[in-house]
Amino acid sequence: MSDRQFSLPIRVYYQDTDAGGVVYHATHLNFLERARYEWLRELGYDVHGLLNTYKFQFMVRSLEIEYFKPAILDDLLDITVNVVDMGRSRITLAQEISCNRTPLVKATIHVVCVCTDTFKPIRIPTNLREKIETPT
């Protein structure tokens, strides 16, 4: 949908790994979420501001994830965020974790914009929608 691809480098630390020095499978979800937060920040929206000023947040509705190769201690990972589709209140994102341009994990994440008071879906604010749709 958008020509804009966001990328975040993340180093694998000891705390991210299991006893064998391999990134624990659930830790990948943390890396993906961190990249989504930084993607929003690049668009001009920090998560604290979304919650307190704009009174909305994005919640994961569903995700599909595939693991291809392990990430290991001290790897420098590249986590990407690409908008695939956007509806009235939802955004579909393609995310990838790679190391040295080798794909390790691919995920499709469906997030929904919700009101912080009711947790019911609301329309994605126009100004944010425009920033997402504007190519760099």
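The structure reproduced in this document is the subject of the present report. All values reported here derive from a predicted model rather than from experimental measurement. Throughout, a residue's number is its position along its own chain's written sequence, starting from 1. Under the rules for a predicted model, residues below a pLDDT of 70 receive no local features and side-chain atom pairs below 80 are neither given nor counted, while totals for whole chains, interfaces and linings still include all residues. As a convention, hydrogens and water are excluded, and side-chain values are obtained from all of the structure's heavy atoms.

Observations concerning the overall build of the protein chain
Heads up, the condition is: Every helix listed is a DSSP run of H or I at least four residues long, and every strand listed is a run of E at least two residues long, numbered separately from the N terminus. Values of the radius of gyration come from C-alpha atoms, whereas the globule rule sets the reference at 2.2 Å times the count of residues to the power 0.38. With a 1.4 Å probe rolled over the protein chains alone, any residue whose accessible area is under 20% of its type maximum counts as buried; one over 50% counts as exposed, and the rest are partly exposed.
Summing up its helical and strand segments, the protein chain has 3 helices and 5 strands in all. For the protein chain, the sequential pattern of α-helices and β-strands runs β-α-α-β-β-β-β-α. Scaling as 2.2 N^0.38, a compact globule of 136 residues should have a C-alpha radius of gyration of about 14 Å, and the protein chain matches this with 16 Å. Counting all 136 residues of the protein chain, 42% fall into the buried class.

Considerations on the packing of aromatic side chains
This is how it is decided: Pairing of aromatic rings covers Phe, Tyr and Trp, the last counted by its six-membered ring, and requires centre-to-centre distances within 6.5 Å; plane angles under 30 degrees mean stacked, over 60 mean edge-to-face, and any other angle means tilted.
Scanning all chains against the criterion turns up 3 aromatic pairs. Consider the rings of Tyr54 and Phe56, whose centres lie 6.4 Å apart with planes at 55°: the pair is tilted. Among the residues examined, Tyr54 registers a relative accessible area of 43% and is labelled partly exposed. Classification of Phe56 as buried rests on a relative accessible area of 1%. On the basis of an interplanar angle of 90° and a centroid distance of 5.8 Å, the ring pair of Phe56 and Phe58 is categorised as edge-to-face. Each member of the pair, Phe56 as well as Phe58, carries the same accessibility label: buried. Of the aromatic side chains, those joined through ring pairs into one cluster are Tyr45, Tyr54, Phe56 and Phe58.

Honestly, that's just the spatial picture; any functional story needs more than this.
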